[in-house]
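Remarks on the overall topology
Okay, here's what each chain looks like letter by letter:
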Amino acid sequence: MAAVVLLTVLSGAPASAQQPPQPLPTDQKGCLGPPQGTERSAPWAQQRLAPERVWPLTTGAGITVGIVDSGVDGGSPQLSGGKVTAGVDVTAPGGRADTDCYGHGTFVAGIIAASRDSTTGFAGVAPGASILPIRCAKLGEDGSAPVLTAASLGDGIRAAVDGGARVINVSASTTVDDPKLSSAVSYAANRDVVVVASAANSAQQGDPVTYPAAYPGVIAVGAIDRDGKHADFSQTGSFLSLVAPGVGVTSIGPGGPGQWQGTGTSYSAPFVAGAAALVRAYHPQLSAGQVKHRLQVTADPPAAARPDPGLGWGTVNVVAAVTRVLPEEAGVLRQLASPPPMGPVPDPEGEGNGQVVAVLSLLVAGVLALVLVPALRLMRGGRERNWAVRRTVRVRSRETGP
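For the chain, an unreviewed UniProt entry supplies the name Peptidase S8/S53 domain-containing protein and the organism Amycolatopsis oliviviridis. Quoted verbatim from the Subcellular location (unreviewed entry) heading of the UniProt record, the comment on the chain is "Cell membrane". We quote the UniProt Sequence similarities (unreviewed entry) comment for the chain here in full: "Belongs to the peptidase S8 family."

In structure tokens:
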């Protein structure tokens, strides 16, 4: 069974509110410490997607998003207050997953649902959503980066479905088309759950097909940079659904307040998962398949024909995904196809008035006929003599006197 590395190892460092977010380290073993900096203004990804424009309509409240990952720190300040449930640890039966030594799952959860905070310009796409953490990987015994298998990913997806998730984010991938993983994705689809997965970061290694992103029904997400261009590491292929910010994006970590910066399709997927949570909250009648369709057709399209191998249907557009009217959706079709309501039935007492009106109409028509017919004759005669004055010739009989 091939193993899957979740992400780079993250190092710990003391928090500092005096400096901007620092990049996630790549050479640290062990647990991630508190963030080293704070994002004062809105990060570029949030500025581009502008999810706050739809928050007056929906913040994702009522939607649970499952995070199949390394766990999520429920004590992180922007995720505290009951936003994160106990979750499930599939690596330790009976265990919970609301802690996160490694930090990857917490970073992902922050992009989706971090609460607004007056000390920072960073917030999640759907700050009203709830988080269901599912731990399917943990640090190695020597503190090395977590690894997981395709089978454990499948267990995690099933646990998220059974835990009540309406949207599931999987920021991990494998090149193994494993029956257990495939079955878990089908299990989610049959229960009307949206599954969002990162496309992977192996574009420069030959673009191998990755799972669960490539399974039918899954929303596979690649990465773009600040200029909206395809990130050179981001997986390409016909299975790609959408792209989202994935270079130098900001989110939180376990421990104290503040933020980190990270790069990878692992961090593109949660932007789409957050958008899916907003759509599910605002359009509860839509099925999982309709949510995927809505996200794709409302995306900012690439210059080439869609779907583009590197950009899919385009960059997720949070505002359009929530607000645009799509005639092909079943509810709208029913509304457009319905005939207009019939008018009120005439009052029987008003029938006499109709007879009076009919008689008056006939009288008026008769008067007009008496006036118009002579007038028309005069006009015809005038035209025949070119409108000259009429002259009269009198003939006097010779048999009468002078």
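Moving on from the model shown.
Core analysis: the largest hydrophobic core is formed by 56 residues, its most contacted members being Val65, Ile131, Val196, Val272 and Leu295. The element that contributes the greatest number of residues to this core is helix α5 (residues 269-282), accounting for 9 residues. Excluding its chain neighbours within four sequence positions, the residues that come into contact with Val196 are Val167, Ile168, Asn169, Val170, Ile219, Val221, Ala269, Val272 and Ala273. Ala165, Ala184, Val195 and Leu240 belong to the second-largest nonpolar core, a separate cluster that totals 35 residues.

So, on to the sheet that holds strand β11 (residues 249-251). Taken in spatial order, the 3 strands make up an open sheet running β2-β12-β11, and their pairing is mixed. Edge positions in the sheet fall to β2 (22-23) and β11, since each of these pairs with one other strand and no more. Inspection of the sheet shows β2 paired to strand β12 (residues 260-262) by 2 bridges, in the parallel sense. In the strand pairing of β12, Gln22 is matched with Trp260. Relative to β11, helix α2 (residues 104-113) is tilted by about 100°, and along the sheet it contacts β11 and β12.

What follows concerns unusual backbone geometry. That bond from Tyr211 to Pro212 is cis: its omega, 10°, falls within 30 degrees of zero. Considering the arrangement of structural elements, one finds Pro212 in the loop between β8 (194-198) and β9 (219-224). For the bond from Arg306 to Pro307, the omega torsion is -5°, close enough to zero to count as cis. If you trace the backbone, Pro307 turns up in the loop between α6 (288-297) and α7 (318-323). We note that Ala50 has phi near 50°; this positive angle belongs to a residue other than glycine. Here Ala50 shows up in the loop between α1 (44-49) and β3 (64-69). A relative accessible area of 11% means that Ala50 is categorised as buried. A positive phi angle, near 105°, is found at Ala200, a position not held by glycine. Structurally, the position occupied by Ala200 is in the loop between β8 and β9.

Bringing α5 into the picture now. Across its 14 residues, α5 extends 20 Å between first and last C-alpha, which sits within 8% of the 20 Å expected from 1.5 Å per residue. α5 sits mainly inside the fold: 12 of its 14 residues count as buried. Regarding α5, the residues found buried are Ala269, Pro270, Phe271, Val272, Ala273, Gly274, Ala275, Ala276, Ala277, Leu278, Val279 and Arg280.

A separate point is the sheet that holds β9. If you walk across this open sheet you meet the 7 strands as β4-β5-β3-β7-β8-β9-β10, and the pairing is parallel. In the strand order of this sheet, the two ends are held by β4 (88-89) and β10 (242-245), each with one partner. Relative to strand β5 (residues 130-135), β3 runs parallel, the two sharing 6 bridges. Within β5, the residue paired with Gly66 across the bridge is Leu132.

Inspection of the secondary structure puts Thr58 in the loop between α1 and β3. It is 9.8 Å that separates the C-alpha atoms of Thr58 and Ala129, two residues lying 71 residues apart in sequence. With residues up to four places along the chain from it excluded, the contact list for Thr58 reads Leu278, Ala281, Tyr282 and Val322. Within the structure, Thr58 has its side chain in polar contact with the backbone nitrogen of Gly60 (distance 3.0 Å).

Let us look at the packing of helix α3 (residues 150-162) against helix α4 (residues 179-190). The contact between α3 and α4 brings their axes to 7 Å, and the two run at 15°. Comparing their axes, α4 and α3 come out roughly parallel. Every pair of crossing elements has a handedness; the one defined by α3 and α4 is left-handed. Here α3 contributes Ala150, Ala151, Leu153, Gly154, Asp155, Ile157, Arg158, Val161 and Asp162 to the contact with α4, which in turn contributes Lys180, Leu181, Ser183, Ala184, Val185, Tyr187 and Ala188. Looking at the contact of α3 with α4, its residues break down into 10 nonpolar, 2 polar and 4 charged.

Rules and cut-offs
All residue numbers refer to position in the chain's written sequence, counted from 1. Selection of residues for local features in this predicted model requires a pLDDT of at least 70, selection of side-chain atom pairs for listing and counting requires 80 or more, and totals for whole chains, interfaces and linings are taken over all residues. Side-chain descriptors were evaluated using all non-hydrogen atoms of the structure, hydrogens and water having been removed beforehand. UniProt positions are given in the numbering used here, feature names are shortened, and annotations may be inferred rather than shown by experiment. Grouping buried Ala, Val, Leu, Ile, Met, Phe, Trp, Tyr and Cys residues that are joined through side-chain atoms within 4.5 Å yields what is termed a nonpolar core. Relative accessible area decides the class of each residue, using a 1.4 Å probe on protein chains only: under 20% of the type maximum gives buried, over 50% gives exposed, and in between gives partly exposed. For the purposes of this entry, the term helix denotes a DSSP run of H or I that reaches at least four residues, the term strand denotes a run of E that reaches at least two, and both are numbered from the N terminus. Residues count as neighbours in contact if any of their non-hydrogen atoms are within 4.5 Å of one another. The criterion for strand pairing is that DSSP finds at least two bridges linking the strands in question. Note on geometry: axes are lines fitted to C-alpha atoms, helical ones only across the stretch in contact, with angles between N-to-C directions running from 0 to 180 degrees. Expected span of a helix, by definition, is 1.5 Å for each gap between consecutive residues, and there is one gap fewer than residues. Think of a polar contact as two N or O atoms within 3.5 Å of one another; within protein, one of them needs to be a possible hydrogen donor and the other a possible acceptor, and neighboring residues in sequence only count if both atoms come from side chains. For classification, angles of less than 35 degrees are called roughly parallel, those exceeding 145 degrees roughly antiparallel, those between 65 and 115 degrees roughly perpendicular, and all remaining angles oblique. It is the rotation of the near helix from the far one that decides the hand of a crossing: anticlockwise by less than a right angle makes it left-handed, clockwise makes it right-handed. Basically, the charged four are Asp, Glu, Lys and Arg, the nonpolar ten are Ala, Val, Leu, Ile, Met, Phe, Trp, Tyr, Cys and Pro, and anything else, Gly included, counts as polar.

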